[in-house]
Amino acid sequence: MALFQYPRPKPSEITPKEAYLSRRALIGGAAALSALATTAKAASLQTHPGPYSGNLTPTPHEDVTHYNNFYEFGMGKADPAARSQDFHPLPWTLEITGLVRKPVRLDVEQLLRSAAMEERIYRMRCVEAWSMVIPWDGIPLASLLKDADPDPRATHVAFESVLRPSEMPGQSDGLSGIQWPYVEGLRLDEAMNPLTLLALGVYGETLPNQNGAPIRLVVPWKYGFKGIKSIQRIRLLDHEPPTTWNRLASDEYGFYANVNPQVDHPRWSQATERVIGAHSLFGATRQPTLMFNGYGEQVADLYRGMDLRKNF
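Our subject in this report is the structure included herewith. This structure is a prediction, so every number in the text was calculated from the model and none was measured.

Rules used throughout
Residues numbered from 1 in each chain as written. Predicted model: local features only at pLDDT ≥ 70, side-chain atom pairs only at ≥ 80, totals over all residues. Heavy atoms only, no water. Salt bridge = Lys/Arg side-chain N within 4 Å of Asp/Glu carboxyl O. Helix = DSSP H or I, 4+ residues; strand = E, 2+ residues; numbered from the N terminus. Buried < 20%, exposed > 50% of the residue type's maximum accessible area, 1.4 Å probe, protein only. Phe/Tyr/Trp six-rings, centres within 6.5 Å; stacked < 30°, edge-to-face > 60°. Lys NZ or Arg CZ within 6 Å of the ring centre and 35° of its normal. Pairing = 2+ DSSP bridges.

Quick notes on the pattern of salt bridges
Summed over the entire model, instances satisfying the criterion amount to 13 salt bridges. Residue K222 pairs with E190 through a salt bridge whose shortest N-O separation is 2.7 Å. With a gap of 32 residues between them, K222 in the loop between β10 (216–218) and β11 (231–237) and E190 in helix α7 (residues 188–191) connect regions that are remote in the sequence. Its relative accessible area of 0% is what places E190 among the buried residues.

The following block contains the structure:
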């Protein structure tokens, strides 16, 4: 498989290695205790470099694991890390059903030991106009879908998250307005794209609860809300499935959710993004947003002939 080289990020986009190492060395006090509490159950993964990492330097671990949207645990960026300790990600079974010839039930603990585990360092662009660079560890979704042997009638893939209000306080507090469980979807050709990943780890360790443990979707050319977390079910369908944010506000969150600096959110511009973990003398670093988040060479053909303003 060819090694694609993505556009090199500008110096302002990434955290210098020295700054990253010194930051990690100097974290102490309450912040260190908090980090220990939320990563105590993390285990190292046997992973190997994947083919799609480009020349990207990861965002600091502290930011990746403590600045999150995971509304099952609350509306604030710090809520997932602070409120997810009671969530139990293992044991866990992932089902792949629907229009497949060989329905699959996967033991996630076995997947965590899989020799197919790869590290993929991807840009992540949130629809809220902030970004990170995250070193995921996971398995290409296409390989698992091929094992299930899709029926020729299948055109879309639907994903469903876990429903555990007793362990996920955001599912019971009624503040988000979300209809639980969280659901997402892709076209089948998007799901089969080599970039699409089922992530089981980050920074070489199992996913922390706040990052979507034990298994989540990563589609790096789309806005982050497409990355459904704590997935229990995958179904292949012959129609477009409902998705959580499109169902909640269809005028703001389209089914496709491709990163596109030319199509603004109704309430803010998507032309630039705030880089988490990068700062200058003038405050938070901003940079231009790249079409398809910089992955156009690999995915632009999926949307040839489509009106990307209409199919946003």
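Some words on the packing of aromatic side chains
In this structure the tally under the stated criterion is 11 aromatic pairs. The interplanar angle of 75° and the centroid separation of 5.9 Å between the aromatic rings of F73 and F87 together place this pair among those described as edge-to-face. Residue F73 is found in the loop between α3 (61–66) and α4 (79–83), and its partner F87 is found in the loop between α4 and β2 (93–98); the two are separated by 14 residues along the sequence. When its relative accessible area of 0% is taken as the criterion, F73 is described as buried. When the ring of F225 is compared with that of Y253, the centres are 5.4 Å apart and the planes differ by 80°; the resulting orientation is edge-to-face. Taken together, the residues F225 in the loop between β10 and β11 and Y253 in the loop between α8 (244–248) and β12 (272–280) connect sequence positions 28 residues apart. Relative accessible area serves as the criterion here: at 12%, F225 is assigned to the buried category. Taking relative accessible area as the criterion, Y253 reaches 9% and is therefore assigned buried. Linked through ring pairs, F70, F73, F87 and W92 together constitute an aromatic cluster. Directly above the ring of F70 sits K229, whose terminal nitrogen or CZ lies 5.3 Å from the centroid.

Regarding the pairing of strand β8 (residues 197–202)
Extensive coverage of β8 is indicated by the burial of 6 of its 6 residues. In this structure, strand β5 (residues 130–140) lies alongside β8, joined through 5 bridges in antiparallel fashion. When the sheet's bridge partners are listed, I139 is paired in β8 with L198. Pairing of β8 with β10 involves 3 bridges; the strand directions are antiparallel. Across the sheet, L198 pairs through a bridge with L217, a residue of β10. Sheet analysis places β8 next to strand β9 (residues 205–206), joined by 2 bridges and oriented antiparallel. Following the sheet pairing, V202 is matched in β9 by E205. In textbook terms, the turn of a hairpin is the stretch between consecutive antiparallel strands, and for β8 and β9 this stretch comprises 2 residues, one of which, Y203, has a positive phi near 55°.

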